[in-house]
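Descriptive structure summary
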Amino acid sequence: MKNIKLILVLILMVLGLNAYCQQRPVVSTYMFNGLLLNPAYAGSLNLFSATVTNRNQWVNVEGAPNTQSVSAHTTWAENRVGTGLNVQRDAIGVHEQYSVYGSYAYKIRMSGGILSMGLQGGFDSRNSDYTKVTIKDPGDALLEGRVTRFSPNVGTGLYFANRKFFAGFSIPYILTPKLYDVETISSDARQSRYYYFNVGNVMEISPTVKLNPSVLLRMQQRSPIGYDVNVNVILSDIIYAGVSYRSGDAVVFITQLVLNENFRVGYAYDTVTSSITGYTPGSHEIMLNYRKKIRGAKKDPLCPVYF
């Protein structure tokens with residue numbers, strides 16, 4: 001009951017906020033792949049897990065975001081250590097960014113669950129091809145040909161979970177590198193620091209029906225807070241179906257199907273609620289997850305099942 005009350009309080013808090021800002025690439029199926037948000041999630045499933053995601057955002061809008069990601073993580077040392085890797089491509093307009101980040105998590109067993117402390121490190125490589133746009137001022141130093149920006153970064157996070165509850169907080173990108181590196185321009189514009197907080201619970205309605213509410217807060221320096229409120233129904237531990245509200249942006253319909261002990265497939269459809277609703281029918285996202293038990297690993301009664 002304490003977990004349920006906490007989630008209800010958070011939902012009431014975030015419903016009082018009404019601003020939204022697109023930050024790093026938005027992924028709607030993040031609740032099935034926590035490593036996208038938090039390095040401390042690495043190894044939390046006590047098995048090997050790899051996920052491929054493809055997202056086409058704002059269909060029919062030229063230059064709209066298009067994102068692909070591959071992530072994998074596993075556990076070591078009798079579930080005391082987790083490691084992971086995230087590789088992502090994000091394209092929007094004339095900009096294309098590749099990100100590669102490795103994660104390490106150390107886990108501490110507690111009476112009610114497992115507390116994980118995570119670190120990540122990697123880089124973003126952003127390429128901007130201004131030859132694809134019509135430039136009114138040929139002398140604009142910001143729009144000269146092709147520009148590449150390489151930015152290393154580090155992050156950290158905390159993650160607590162058991163078989164029915166989870167809570168996580170992360171700062172996946174701590175450094176704030178400059179957005180521009182052009183000699184002829186004096187600019188202090190920098191990437192913002194990001195903060196994520198999410199919490200969720202699984203409530204058993206009947207032997208075959210479970211309810212999974214969760215909340216995600218997206219916080220970015222000098223920008224309004226964004227939030228997601230999610231509710232999933234789990235049928236016979238095989239079919240996941242739910243809906244999510246992303247503040248100021250979309251209502252998302254989400255599903256996941258457990259094909260067997262190794263494969264899962266997920267899909268999300270975003271119906272736009274922002275001012276561009278008349279220009280696009282929405283966004284599509286598909287996810288494929290592969291899981292494999294680790295030879296010799298013991299079943300851990302505290303390890304998450306649904307997160």
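Refer to the structure above for everything that follows.
A short tour of the structure in this document, coming up. (Residues numbered from 1 in each chain as written. Predicted model: local features only at pLDDT ≥ 70, side-chain atom pairs only at ≥ 80, totals over all residues. Heavy atoms only, no water.)

Once that is clear, we can look at the layout of surface pockets. Its volume calculated, the largest pocket comes out at about 680 Å³. Each residue belonging to the lining of the largest pocket can be placed in one class, and the counts come to 10 nonpolar, three polar and 10 charged. (1 Å grid on protein atoms, 1.4 Å probe; cavity = no way out; pocket = protein on both sides within 12 Å on 5 of 7 lines; lining within 4 Å. Points joined across faces, edges and corners; volume = space filled by probe spheres on them. Nonpolar A, V, L, I, M, F, W, Y, C, P; charged D, E, K, R; others polar.)

Attention shifts here to a positive patch on the surface. Together, Arg163, Lys164, Lys293 and Lys299 make up a region of like positive charge exposed at the surface. Residue position: Lys299 is located in the segment after β15 (283-292). Under the relative-accessibility criterion, Lys299 is labelled exposed at 76%. (Patch = residues over 30% accessible without salt bridge, like charges linked within 9 Å, V, L, I, M, F, W, Y side chains within 5 Å. Areas by Shrake-Rupley, 256 points an atom, 1.4 Å probe, with all protein chains shown as cover. Salt bridge = Lys/Arg side-chain N within 4 Å of Asp/Glu carboxyl O. Lys, Arg positive; Asp, Glu negative; His and termini not counted. Charge placed at Lys NZ, Arg CZ, Asp CG, Glu CD. Helix = DSSP H or I, 4+ residues; strand = E, 2+ residues; numbered from the N terminus. Buried < 20%, exposed > 50% of the residue type's maximum accessible area, 1.4 Å probe, protein only.)

Inspection of the secondary structure assignment puts Gly63 in the loop between β1 (48-56) and β2 (66-76). Expressed as a C-alpha distance, the spacing of Gly63 and His95, which sit 32 residues apart in the sequence, is 9.2 Å. Beyond its immediate chain neighbours, meaning those up to four positions away, Gly63 contacts Ile92 and Gly93. (Contact = heavy atoms within 4.5 Å.)

Considering the arrangement of structural elements, one finds Ser128 in strand β5 (residues 114-129). Among the residues examined, Ser128 registers a relative accessible area of 7% and is labelled buried. Looking at Ser128, its side chain comes within polar contact range of the side chain of His95, at 2.7 Å. (Polar contact = N/O pair within 3.5 Å; in protein donor to acceptor, adjacent residues only side chain to side chain.)

A few words on the environment of Thr176. With respect to the element layout, Thr176 can be found in the loop between β7 (165-171) and β8 (194-201). With 24 residues separating them along the chain, Thr176 and Pro152 place their C-alpha atoms 9.8 Å apart.

Phe32, Tyr159, Tyr240, Ile254, Tyr306 and Phe307 are the most contacted members of the largest nonpolar core, which totals 30 residues. The set of elements that each furnish at least two residues to this core consists of β4 (95-109), β6 (146-161), β8 and β13 (250-258). With four residues, the single largest contributor to this core is β13. Not counting chain neighbours up to four residues away, the residues in contact with Ile254 comprise Ser28, Met31, Phe32, Asn232, Tyr240, Ala241, Gly242, Ser244, Tyr267 and Ala268. (Core = buried A, V, L, I, M, F, W, Y, C linked by side-chain atoms within 4.5 Å.)

Moving on, we come to the pairing of β6. Where β5 meets β6, 16 bridges bridge the pair, whose relative direction is antiparallel. Paired with Ser128 across the bridge in β6 is Val147. The pairing of β6 with β7 spans six bridges and is antiparallel. Paired with Ala161 across the bridge in β7 is Phe166. From the end of β6 to the start of β7, which pair antiparallel, there are three residues. (Pairing = 2+ DSSP bridges.)

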